[in-house]
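Architecture at a glance
Residues per chain are reported as follows:
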Amino acid sequence: MATAQPPHSAPAADSVAPYTSLIAAVLQTQKLISHQLNSALRPLGLSFARYEVLAMLVAAHGPLPMVRIVRALDRHPTTIGTLIDGLEGSGLALRTINRADRRSTLVTITDKGREVATSATRALDAVALADPKVMHRLHEDLQQLLSATRRASTAPPGGRHTTAVELSGGRP
C-alpha cells in the first residue's frame, strides 16, 4: 500500500528547473531590499520608484522627455505617468509640452525636487545591506546575470541557451 504524500511536499530534485533556488533567492532578496529602500525614503514622501525618476531628472541637468524616462527605467508609460503625477503633486517635478515637438512631454525637476533628491540619496547611502566587498562582487555578478538574461530573452525560439559558465563570468 502506498503512503500518502503531504499536500505541499517539495518536488523531487530532478523535477525542479535548474537554478530555481537561485531565482527564488534573487526574488526574495529584491523584495527585502525594496522594503528597506522604501522604508528609508518614506519619511521624505518618496518610494524608490519615484526616487529613480528624480535621480534621472537630477542627472539630466534640464528637461527630460517622458519617453526617455520610460525607456531608461523600462517601465510602462502609464506607470511613469503615475510616478510623475505623484512627483508633481508633491512639488518635486513639473510636466510641460515640448515646444519643438508638441507630441512630446518634458519633465523638469524643481528646486524642492533637487533638495529632496539629495536628502533621499543620503538616506539610501545610509542603508546597510551587506558588507561593501560582498555588494561589489554581487553587483558584478548580477550585471552579468542581467546581460545574459536579456540576451536569452531576445534569442530566437530554439536559439542558443546561456550556460552556467557564461552566467558565472567564465568561472566554473
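Definitions and limits used
Residues numbered from 1 in each chain as written. Predicted model: local features only at pLDDT ≥ 70, side-chain atom pairs only at ≥ 80, totals over all residues. Heavy atoms only, no water. pLDDT = per-residue confidence, 0-100. Contact = heavy atoms within 4.5 Å. Phe/Tyr/Trp six-rings, centres within 6.5 Å; stacked < 30°, edge-to-face > 60°. Helix = DSSP H or I, 4+ residues; strand = E, 2+ residues; numbered from the N terminus. Buried < 20%, exposed > 50% of the residue type's maximum accessible area, 1.4 Å probe, protein only. Patch = residues over 30% accessible without salt bridge, like charges linked within 9 Å, V, L, I, M, F, W, Y side chains within 5 Å. Areas by Shrake-Rupley, 256 points an atom, 1.4 Å probe, with all protein chains shown as cover. Salt bridge = Lys/Arg side-chain N within 4 Å of Asp/Glu carboxyl O. Pairing = 2+ DSSP bridges.

**Some words on the confidence of the model for the protein chain**
- Averaged over all residues, the pLDDT of the protein chain is 84; the fraction at 70 or higher stands at 81%.
- Across residues 1–9, where pLDDT falls below 50, the model places zero contacts with residues more than four positions away in sequence or in other chains.

**Concerning the packing of aromatic side chains**
- Inspection of every chain in the model, using the stated rule, returns one aromatic pair.
- With a centroid separation of 5.9 Å and an interplanar angle of 35°, the aromatic rings of F48 and Y51 are classed as tilted. Separated by three residues within a single helix, F48 and Y51 lie in helix α2 (residues 48–60), roughly one turn from each other.
- Take F48: its relative accessible area is 27%, and that puts it in the partly exposed class.

**Observations concerning a nonpolar patch on the surface**
- A grouping of Y19, L22, I23, V26, L27, L129, M135, L138 and L142 is seen on the molecular surface, where their side chains present a nonpolar patch of about 720 Å² in accessible area.
- Among the elements that make up the nonpolar patch, the one with the highest residue count is helix α1 (residues 20–41) (four residues).
- Classification of L129 as partly exposed rests on a relative accessible area of 34%.

**Let's talk about the environment of R114**
- By the secondary structure assignment, R114 is in helix α5 (residues 111–125).
- Judged by its relative accessible area of 35%, R114 is partly exposed.
- Sequence spacing of R114 and L54 is 60 residues, and the spatial spacing of their C-alpha atoms is 7.8 Å.
- Filtering out sequence-adjacent residues up to four positions away, R114 remains in contact with V58 and I109.

**A closer look at the sheet that holds strand β3 (residues 105–109)**
- Taken in spatial order, the three strands make up an open sheet running β1-β3-β2, and their pairing is antiparallel. Because the sheet does not close on itself, it has two edges, and the strands there are β1 (64–65) and β2 (93–97).
- In this sheet, β3 lies alongside β1 in antiparallel orientation, the contact comprising two bridges. When the sheet's bridge partners are listed, L64 is paired in β3 with V107.

**Brief notes about the pattern of salt bridges**
- With the rule as written, the count across this model stands at four salt bridges.
- Among the ionic pairs, D85 bridges to R95, the shortest N-O distance being 2.2 Å. Here D85 is found in helix α4 (residues 77–89), whereas its partner R95 is found in strand β2, with ten residues between them in sequence.
- Among the salt bridges present, the one from R95 reaches E88, with a minimum N-O distance of 2.9 Å.
- Under the relative-accessibility criterion, R95 is labelled partly exposed at 25%.
- Among the residues examined, E88 registers a relative accessible area of 29% and is labelled partly exposed.
- The network of salt bridges with shared partners includes D85, E88 and R95.

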